[in-house]
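# Examining the three-dimensional arrangement
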2 protein chains.
Amino acid sequence: MTIEACGHEDCGIRDVLDRLGDRWSVLVIVTLAQKPRRFGELQRAVTGISQRMLTVTTRRLVRDGLVRRTVYDTVPPQVEYRLTEMGQSLAVAIQSLAAWSRTHKDAIADSRAAFDTAGTREALPFPG
Amino acid sequence: MTIEACGHEDCGIRDVLDRLGDRWSVLVIVTLAQKPRRFGELQRAVTGISQRMLTVTTRRLVRDGLVRRTVYDTVPPQVEYRLTEMGQSLAVAIQSLAAWSRTHKDAIADSRAAFDTAGTREALPFPG
DNA sequence: CGGTATCCTCAGAGATACTG
DNA sequence: CAGTATCTCTGAGGATACCG
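Residues numbered from 1 in each chain as written. Chains lettered and ligands numbered in written order. Predicted model: local features only at pLDDT ≥ 70, side-chain atom pairs only at ≥ 80, totals over all residues. Heavy atoms only, no water.

### Some points on the confidence of the model for chain A
Residues and elements named next belong to chain A. When pLDDT is averaged across chain A, the result is 84; 81% of the residues are at 70 or more. Every residue in residues 1-6 scores below 50 in pLDDT, and together they form 17 contacts with partners more than four places removed in sequence or on other chains. A low-confidence stretch, residues 123-128 (pLDDT under 50), is modelled with nine contacts involving residues beyond four sequence positions or located in other chains. (pLDDT = per-residue confidence, 0-100. Contact = heavy atoms within 4.5 Å.)

In structure tokens:
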């Protein structure tokens, strides 16, 4: 079940999230938002991503029209990835979400700490 | 590897996405953004979610301080979920992303169609 | 350099049955 | 009604090795 079973008018949300939900797409997007990059460059910038996942992720983004892939027929081969205009507009939306995150980061951490230790015992289902 | 290996200054992004990345959190949030709901109500509203996943998802949201869970000691038992203020502010950010999605939905679909059929054959790695 | 191909693992999530 | 307890399975993603 992906989008079909959403049952929401707001369901357009799923379209974004199926894209943003995976581990790497957003990281690649914000990295490319800084400047266009070559494959290896991109892999170094997005720390921890495997070669395979970078290939998979970039291809998805290209397919969705968020990134443009340009091959320069040089030796050695050179491939440049850059955000399309649409990709850039998404990057903006993402940045605002990142801003939200930074703003509420601490509050979330505090909430979790509180949840995991004290008050929970009375307020929530699992006293164990 | 979750947040640690991000290597990004923008890494606050990961904090949001680990939350938004899963299949149901966002759907629950936007549903609760409409109005507070009881458990069963919520399950009917978020079509397709299993009882277990609703429990898991709501608990995560409560833990993060995005949702407040209120138990009314009635017969039969009654539990109300509602967004906290922080949850509401996140809902706003999400809505803007949803708006982006609706705006670019068609463009994405077109891009995919183009990618999956024609031009790709010359422009991209896998001619098969 | 920028990929592809293969194998493998393990968390996320569904189905089902039971409980205070 | 609002959960909890298992059991299972799928597929996203990691590791590794090879290719044009």
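### Description of unusual backbone geometry
Cis geometry is found at the peptide bond from Val75(A) to Pro76(A), where omega equals 0°. Relative to the elements of secondary structure, Pro76(A) occurs in the loop between β2 (67-72) and β3 (78-83). (Helix = DSSP H or I, 4+ residues; strand = E, 2+ residues; numbered from the N terminus.)

### Here's the deal with the protein's contact with DNA strand C
Lining the immediate environment of DNA strand C, one finds 22 residues, of which Gln51(A), Arg59(A), Arg69(A), Tyr81(A) and Arg52(B) sit closest. The share of sugar and phosphate among atoms of DNA strand C within 4 Å of the protein is 59%. In the environment of DNA strand C, a phosphate oxygen lies 2.3 Å from a nitrogen or oxygen atom belonging to the side chain of Arg69(A). Here a sugar or linking oxygen of DNA strand C and a backbone polar atom of Pro77(A) are 3.3 Å apart. Breaking the surface near DNA strand C down by element, the ones donating at least two residues are α3 (39-45), α4 (51-63) and β3 of chain A together with α4 (51-63) of chain B. In terms of residue count, α4(A) provides more of the surface near DNA strand C than any other element does, four residues in total. (Near = heavy atom within 4 Å. Polar contact = N/O pair within 3.5 Å; in protein donor to acceptor, adjacent residues only side chain to side chain.)

### Topic: the protein's contact with DNA strand D
If you check the shell around DNA strand D, you find 22 residues, and the closest are Arg23(A), Arg52(A), Gln51(B), Arg69(B) and Tyr81(B). Of what DNA strand D places within 4 Å of the protein, 58% of the atoms are sugar or phosphate. The contact in question runs from a phosphate oxygen of DNA strand D to an N or O atom on the side chain of Trp24(A), over 3.4 Å. Here a base nitrogen of DNA strand D and a side-chain polar atom of Arg52(A) are 2.4 Å apart. If you list the elements that add at least two residues to the surface near DNA strand D, you get α4 of chain A together with α3 (39-45), α4 and β3 (78-83) of chain B. A breakdown of the residues in the surface near DNA strand D according to their chemical character gives nine nonpolar, five polar and eight charged. (Nonpolar A, V, L, I, M, F, W, Y, C, P; charged D, E, K, R; others polar.)

### Some thoughts on the pairing of β2(A)
All names here are of chain A. Relative to β3, β2 is paired through six bridges, and the arrangement is antiparallel. Paired with Thr 70 across the bridge in β3 is Glu 80. Between β2 and β3, which follow one another and run antiparallel, lie five residues. (Pairing = 2+ DSSP bridges.)

### Concerning the nonpolar core
Membership of the largest hydrophobic core comes to 65 residues, with the highest contact counts inside it found for Leu20(A), Leu90(A), Leu20(B) and Leu90(B). Excluding anything up to four places from it in sequence, Leu90(B) contacts Leu97(A), Trp100(A), Leu20(B), Ile29(B) and Leu66(B). (Core = buried A, V, L, I, M, F, W, Y, C linked by side-chain atoms within 4.5 Å. Buried < 20%, exposed > 50% of the residue type's maximum accessible area, 1.4 Å probe, protein only.)

### Quick notes on the side chain of Arg37(B)
Residues and elements named next belong to chain B. Looking at where Arg 37 falls in the secondary structure, it is placed in strand β1 (residues 37-38). Although buried, Arg 37 forms no salt bridge, and the nearest oppositely charged side chain, Glu 41, lies 4.4 Å from it. At a separation of 2.7 Å, a polar atom in the side chain of Arg 37 contacts the side chain of Gln 34. Ignoring anything within four residues of it in the chain, the contact list for Arg 37 reads Thr 31, Leu 32, Leu 42, Ala 45, Val 79, Glu 80 and Tyr 81. (Lys, Arg positive; Asp, Glu negative; His and termini not counted. Salt bridge = Lys/Arg side-chain N within 4 Å of Asp/Glu carboxyl O.)

### What to know about the sheet that holds β1(B)
Residues and elements named next belong to chain B. Pairing is antiparallel across the open sheet formed by three strands, whose spatial order is β1-β3-β2. Edge strands, defined here as strands with exactly one partner in the open sheet, are β1 and β2 (67-72). Sitting on the sheet, helix α2 (residues 25-34) touches β1, β2 and β3, and the angle it makes with β3 is about 95°. (Axes fitted to C-alpha atoms, helices over the stretch in contact; angles between N-to-C directions.)

### Concerning α2(B)
Because an α-helix packs 3.6 residues into every turn, residues spaced three or four apart end up facing the same way. With respect to burial, α2(B) is a largely interior element, eight of its 10 residues being buried. All of the buried residues in α2(B) are Ser25(B), Val26(B), Leu27(B), Val28(B), Ile29(B), Val30(B), Thr31(B) and Leu32(B).

### Digging into the sheet that holds β3(A)
Residues and elements named next belong to chain A. Read across the sheet, three strands follow the order β1-β3-β2 without closing on themselves; strand pairing throughout is antiparallel. Bordering the open sheet on either side are β1 (37-38) and β2, each of which pairs with just one other strand. Bridging between β1 and β3 involves two bridges; their strand directions are antiparallel. Opposite Arg 38, over in β3, you have Glu 80 as the bridge partner.

### So, the side chain of Asp22(B)
All names here are of chain B. For Asp 22, the position within the fold is in the loop between α1 (12-20) and α2. Looking at Asp 22, the relative accessible area reads 18%, which means it is buried. At 2.7 Å, the side chain of Asp 22 forms a polar contact with the side chain of Ser 25.

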